[in-house]
Number of protein chains: 2
Amino acid sequence: MASNRQVKLAARPFGLPQHSDWEISETSIPSPADGEVLIQVLYISIDPAMRGWMNDRKSYLPPVAIGEVMRAGTVGKVLTSRNPKFRAGDYVAGSQGVQKYALSDGRGLHKVDAKLVPLTTYLGALGIAGFTAYFGLLDICNPRENETLVVSGAAGSVGAIAGQIGKLKGCRVVGIAGGPEKCRYLSEELGFDETIDYKNENVRAGLKRTCPDGVDIFFDNVGGDILNEVLARINFKARISLCGAISQYNATEMPKGPSNYSSLITNRAKMEGFIVFDYASRYLEAIPHLTGWILQGKIKTREHIEQGIENFPEVFLKLFSGENQGKLILKVGTE
Amino acid sequence: MASNRQVKLAARPFGLPQHSDWEISETSIPSPADGEVLIQVLYISIDPAMRGWMNDRKSYLPPVAIGEVMRAGTVGKVLTSRNPKFRAGDYVAGSQGVQKYALSDGRGLHKVDAKLVPLTTYLGALGIAGFTAYFGLLDICNPRENETLVVSGAAGSVGAIAGQIGKLKGCRVVGIAGGPEKCRYLSEELGFDETIDYKNENVRAGLKRTCPDGVDIFFDNVGGDILNEVLARINFKARISLCGAISQYNATEMPKGPSNYSSLITNRAKMEGFIVFDYASRYLEAIPHLTGWILQGKIKTREHIEQGIENFPEVFLKLFSGENQGKLILKVGTE
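Residues numbered from 1 in each chain as written. Chains lettered and ligands numbered in written order. Predicted model: local features only at pLDDT ≥ 70, side-chain atom pairs only at ≥ 80, totals over all residues. Heavy atoms only, no water.

(A) Highlighting the nonpolar core. All names here are of chain A. Among the nonpolar cores identified, the biggest contains 51 residues, and Ile165, Phe219 and Leu290 are the most heavily contacted of them. Of all the elements, helix 2 (residues 128-141) adds the most residues to this core, at nine residues. Discounting chain neighbours no more than four positions away, the residues touching Leu290 are Ala125, Leu126, Gly130, Phe131, Tyr134, Ile165 and Ile299. (Core = buried A, V, L, I, M, F, W, Y, C linked by side-chain atoms within 4.5 Å. Buried < 20%, exposed > 50% of the residue type's maximum accessible area, 1.4 Å probe, protein only. Helix = DSSP H or I, 4+ residues; strand = E, 2+ residues; numbered from the N terminus. Contact = heavy atoms within 4.5 Å.)

(B) Summary view of the relation of the copies chain B and chain A. Its rotation angle being 180°, the transformation that places chain B on chain A also includes 0.0 Å of axial translation and leaves an RMSD of 0.0 Å. Look at the turn and shift together and you get a two-fold axis relating the two. In terms of C-alpha distance to the rotation axis, chain B has B:Gly257 as its closest residue, with the C-alpha 2.0 Å off the axis. Residue by residue, 100% of the interface of chain B is reproduced at the interface of chain A, so both copies engage with the same surface. (Least-squares fit on C-alpha atoms with pLDDT ≥ 70 in both.)

(C) Spatial organisation of unusual backbone geometry. All names here are of chain A. Residues other than glycine seldom take positive phi values, yet Asn142 does so here, at roughly 40°. A residue is classified by how much of its surface remains accessible, and Asn142, at 45% relative accessible area, is partly exposed. Positive phi outside glycine occurs at Lys237, with the angle close to 60°. The topology assignment puts Lys237 in strand 12 (residues 234-242).

(D) Here's a closer look at the interface of chain B and chain A. Contact residues are listed per partner, giving 32 residues for chain B and 32 residues for chain A. Both faces combined, the contact of chain B with chain A buries some 2,600 Å², and carbon together with sulfur accounts for 60% of it. Contact with chain A buries surface across chain B, with B:Tyr261, B:Ile265 and B:Arg268 losing the most and accounting together for 27% of the total. Joining chain B to chain A, the criterion identifies two salt bridges. Applying the counting criterion to the chain B and chain A interface returns seven residue pairs in polar contact (both at pLDDT 80 or more). (Buried area = accessible area lost by both parts, 1.4 Å probe. Salt bridge = Lys/Arg side-chain N within 4 Å of Asp/Glu carboxyl O. Polar contact = N/O pair within 3.5 Å; in protein donor to acceptor, adjacent residues only side chain to side chain.)

(E) The arrangement of the environment of B:Val7 in detail. Residues and elements named next belong to chain B. Counting through the fold element by element, Val7 comes out in strand 1 (residues 4-9). By relative accessible area, Val7 is classed as buried at 0%. Separated by 306 residues in the primary sequence, Val7 and Pro313 have C-alpha atoms spaced 8.8 Å apart. Every residue in contact with Val7, bar those within four places of it in the chain, is listed here: Trp22, Glu23, Ile24, Glu68, Val69, Met70, Val98, Ile309 and Phe312.

(F) Structural view of the packing of helix 5 (residues 203-210) of chain B against helix 6 (residues 224-231) of chain B. All names here are of chain B. Direction vectors running N to C along helix 5 and helix 6 enclose 40°, while the axes themselves pass 9 Å from each other. Of the possible angle classes, the one that applies to helix 5 and helix 6 is oblique. At the point where helix 5 passes helix 6, the crossing takes the right-handed sense. Counting all contacts with helix 5, which are made through Val203, Arg204 and Leu207, the residues of helix 6 involved are Ile226, Glu229 and Val230. Partitioned by chemical class, the residues of the contact of helix 5 with helix 6 number four nonpolar, no polar and two charged. (Axes fitted to C-alpha atoms, helices over the stretch in contact; angles between N-to-C directions. Parallel < 35°, antiparallel > 145°, perpendicular 65-115°, else oblique. Left-handed = near helix turned anticlockwise from the far one by under 90°. Nonpolar A, V, L, I, M, F, W, Y, C, P; charged D, E, K, R; others polar.)

(G) Local environment of the sheet that holds strand 8 (residues 148-152) of chain B. Here twelve strands make up an open sheet; going across it, the order is 10(A)-9(A)-8(A)-11(A)-12(A)-13(A)-13(B)-12(B)-11(B)-8(B)-9(B)-10(B) and the pairing mixed. Sheet topology places strand 10 (194-197) of chain A together with strand 10 (194-197) of chain B at the edges, where each strand pairs with a single neighbour. Neighbour-to-neighbour, the strand axes of the sheet open up by a mean angle of 15°, direction not taken into account. Of the pairings in the sheet, the one linking strand 9 (residues 172-177) of chain A to strand 10 of chain A comprises four bridges and is parallel in character. Along strand 10 of chain A, the bridge assignment pairs A:Gly175 with A:Thr195. (Pairing = 2+ DSSP bridges.)

In structure tokens form, the structure reads like this:
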């Protein structure tokens, strides 16, 4: 008899999450009440933002409570429906968390088409990663032809899409990533104009080499020293989109701030943060563009799929070591 | 026989400018060529931005060269005119530098009316300080009624005006300034709602006390720790206008950056720098508003006027010690 397996937050991590910060528990598969559906989770999206949700700190979403199933984006299949909007057999994307089976009242759940693109694409380019890149680049930065766009975390799920959208808008795109394989992927497969391998090249020197005319747009997933070095090279009226700051998520002491920030004054530049969920009412605006680009091969993605819910604690850490090559996904179910 | 006295940059300062960084020299009063006017400088504006112009660093204006008359905003009187746009006796505002007499070809020079407001007002509320406050607050921050606006360097020439414009737009205005006298002035004479005396109160505690509902807008003249503390208290969609960073202008090592900058992401907030000269084509838009507010007593200013061009090196330093009470001006001529 099948049972549900769930990963719950057991303790608030200090620095990098430990195995003891998680509790993997077994429970029976629940039955849907009236208005609910039972979902078998097939794929779980593993994202840097999850680290922030583990902290007991006021933020854009409430923290995950101790003892609560870890929050995560998911794609799954409806097994039983007592909600008129869904039928058994429907594929659905939502935020069902790190568990094998979940109930939903239908809020935040939408049907996806497994024939159009692979199901995992709804966790990436046709999901939160795609929307994040789309609005974080286009809405915050308004890229124009021939501008130089720098993307940090460029081989990550969001960065890779942001860079490709930049190319589609006519920008010269420079990607910062860790290791020669990721850089090769960016330039050879995704068409980035230049790359900086921060593990093997000084970022300041790399920016000088790849951005001789300065930086017009910076799409930042990393923060820390990389942000600081880019600030020293921005142009007049540059725009910096703060998407994330993965270099700081596990910091155990107050990180250094970007000491070059006053370059924003000299260059009349802006640095603006955003959270993709604020654009929820505009996802419909992005979907046709993203779908078209994906189907025409203008936005390519790659996925790093790991198996087994019990491996979640280790798989999650790959985000911070940079071991993953592409969008990190945990497969937890088979149809 | 009268002669011209000039203050020239003799050396690039390291940290706080020393007397030896200046050379005070005597020369004959020049004669205007065709198209030129000879101006007797009456008042010189002493501004924090001048410190930046002394560094040999690419910025929004070229550095003042060694041996060159120090750049400064001025108000003066035309003595002789060979330019059809000006007549002897006209009062003019421009950038004639730290000297008693100057030639001008008329570029960047405009007539001012000494009967409307005192001449020194054209160096303050009806000059660069007024334009800086006007555009830096209204254009960058778009203040709305009942928002909480925090101003640092609030008793300075720009900060005091920014705070008063904030009040005129219906904001709750909190001023950060150094010392009880400046704070008393802000609350009792300028109508600020709250003040924080950073010399006698911890800024974090002061922000908590005066901004229980957070900060919607921050107009920053100071940078450093004050900026960092405000970042920790900003609200959703907050706007930070970076006007200056006086705490850093004499730094001899790389200053600390604002380690709380990722609060911009969580709060979808922006931090944007500006330079008033970019708004030159829109000064005409600000002047009627500023004039009206000044004449109606809705914008009040105070001036700290020192005497004698030879005192320039000491007077300039008052900006950084915060000794000046109000807009710092050096009177160098008498009609």
